[in-house]
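Per-entry structural report
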Amino acid sequence: MISIDGTLVSAGEGGVYGERMVGGHRVWDPYRSKLSALWYLDKSTDLSSDAVVLYLGAANGTTVSHVADYVESVYAVEFAPRPMQDLLMVARKRKNIVPIFADATQPQRYAPLLEAADIIYQDVAQPNQAGIAIKHLPFLKKGGVLILMLKTRSVDIRKSPEEVFADTCEELSRAGLRVQKSLWLSPYHADHAAIVCERL
Ligand SMILES: C[S@@+](CC[C@H](N)C(=O)[O-])C[C@H]1O[C@@H](n2cnc3c(N)ncnc32)[C@H](O)[C@@H]1O
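So, a few notes on the structure that sits alongside this text. All values reported here derive from a predicted model rather than from experimental measurement.

Focus: the pattern of salt bridges
- Using the criterion set out here, one finds twelve salt bridges in the structure.
- The partner of K141 in a salt bridge is D118, and the shortest N-O contact between them spans 3.0 Å. One end of the pair, K141, is in strand β9 (residues 140–151); the other, D118, is in strand β8 (residues 117–122), with 23 residues separating them in the sequence.
- In this structure K141 comes out as partly exposed when scored by relative accessible area, which is 35%.
- For D118, a relative accessible area of 22% translates into the label partly exposed.
- Close ionic contact of D167 with K159 constitutes a salt bridge, the shortest N to O distance being 2.8 Å.

Given below as C-alpha cells:
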C-alpha cells in the first residue's frame, strides 16, 4: 500500500466522495473505511496490482474506489438501491469496477458474472456474516484471502463481542479457511473486528 508521511493514500483520480488529496494522491481515511483502519493497525495489509477482488457490501463505493485504485478488478456487490446509485457513478469513472446489484446471501444469482477471486472482502452488517462469506468460497482461488469485517453487534447482541468473534473464527475454520490474523478495529470502528483468512 502507498503511504505519504504515514498517511495511507491511493493513486486514482480524486473527487469521489470529497476525500482530501496529498501529493496528487487520494487520502484513504481509516474512520471512513475499515480496510484503511486495518492497514493503520497492521501495516502488512496489502493489495497487489494483479489481484481480482470480490467485494461484498459495496455501499456507495467509498472503499471500493480505493481498492480499485490498487488492483486489477473489483466485482462489487450491493443490494440497497440508494447506495447502488452512487456506486454506479463511481464505476463510470473506474472501468475496473463491476457493480452488481444483488443480495449477497444469493450468490448463485450472480455467479455467471464473476471470475475467480484472489481476495474476497466482506463488509455487510448481517446476522450470518460467516455464512455469507462461506457461500462465496467457491469463487475464491485456493490460497486466496478472505478479509471479513465482522460487526459483532449484528450477529447476536446477547453474546459478548469476544464470543461472537471466537464463534465466527471457528465457523470459518470449519469451512476450510485458515485464520491468519484477527484484530479489533478500535479506535477507528467500535465493535468491529477484521478476520483475515486463507483458503486452504
Ligand atoms: C457498512 S456498509 C459497507 C461500507 C463499505 N464497505 C465501505 O467501506 O465503503 C454495509 C453495506 O452492505 C450492504 N449489505 C448488507 N447486506 C447485504 C446483502 N445481503 N447483500 C448485499 N449488500 C448488503 C448494505 O446495504 C450496506 O450498503
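What to know about the layout of surface pockets
- The computed volume of the largest pocket comes to approximately 350 Å³.
- Considering the residues around the largest pocket, the lining is formed by 24 residues, among which G57, A58, A59, E78 and D123 are closest to the centre.
- Broken down by secondary-structure element, the contributors of at least two residues to the lining of the largest pocket are α2 (62–70) and β6 (73–78).
- A class-by-class count of the residues in the lining of the largest pocket yields ten nonpolar, nine polar and five charged.

Here we look at the sheet that holds strand β1 (residues 2–4)
- Pairing within the open sheet is antiparallel, and its four strands lie in the order β1-β2-β4-β3. At either end of the open sheet lies a strand with only one pairing partner, and these are β1 and β3 (21–22).
- Sheet analysis places β1 next to strand β2 (residues 7–10), joined by three bridges and oriented antiparallel. Paired with S3 across the strands is L8, a residue of β2.
- Lying on the sheet, α2 is in contact with β1, β2 and β4 (25–27); it crosses β2 at an angle near 75°.

So, unusual backbone geometry
- Of the consecutive residues S186 and P187, the connecting peptide bond is found in the cis state with omega at 10°.
- Phi at D5 takes a positive value of approximately 50°, unusual for a residue other than glycine.
- Inspection of the secondary structure assignment puts D5 in the loop between β1 and β2.
- D5 gets classed as exposed once you look at its relative accessible area, which sits at 80%.
- Of note, D191 is a non-glycine position whose phi angle comes to about 60°, a positive value.

Points about helix α6 (residues 161–174)
- For α6, built from 14 residues, the straight-helix expectation of 20 Å at 1.5 Å per residue is met to within 8% by its first-to-last C-alpha distance of 20 Å.
- Among all positions in α6, only V164, F165, T168, C169 and L172 are buried. Down the axis, α6 shows its buried residues gathered within 135° of arc, on one side only. Exposed and oriented more than 90 degrees from the buried face of α6 are E162 and R174.
- Contacts made by the buried residues of α6 are with α4 (129–135), β9, α5 (152–155), β10 (177–184) and β11 (192–199).
- Backbone geometry just after α6 places G176 at a positive phi near 100°.

Calculation criteria
- Residues numbered from 1 in each chain as written.
- Predicted model: local features only at pLDDT ≥ 70, side-chain atom pairs only at ≥ 80, totals over all residues.
- Heavy atoms only, no water.
- Salt bridge = Lys/Arg side-chain N within 4 Å of Asp/Glu carboxyl O.
- Helix = DSSP H or I, 4+ residues; strand = E, 2+ residues; numbered from the N terminus.
- Buried < 20%, exposed > 50% of the residue type's maximum accessible area, 1.4 Å probe, protein only.
- 1 Å grid on protein atoms, 1.4 Å probe; cavity = no way out; pocket = protein on both sides within 12 Å on 5 of 7 lines; lining within 4 Å.
- Points joined across faces, edges and corners; volume = space filled by probe spheres on them.
- Nonpolar A, V, L, I, M, F, W, Y, C, P; charged D, E, K, R; others polar.
- Pairing = 2+ DSSP bridges.
- Contact = heavy atoms within 4.5 Å.
- Axes fitted to C-alpha atoms, helices over the stretch in contact; angles between N-to-C directions.
- Expected span 1.5 Å × (residues − 1).
- Arc of directions from axis to C-beta.

Coordinates in, geometry out; function isn't part of it.
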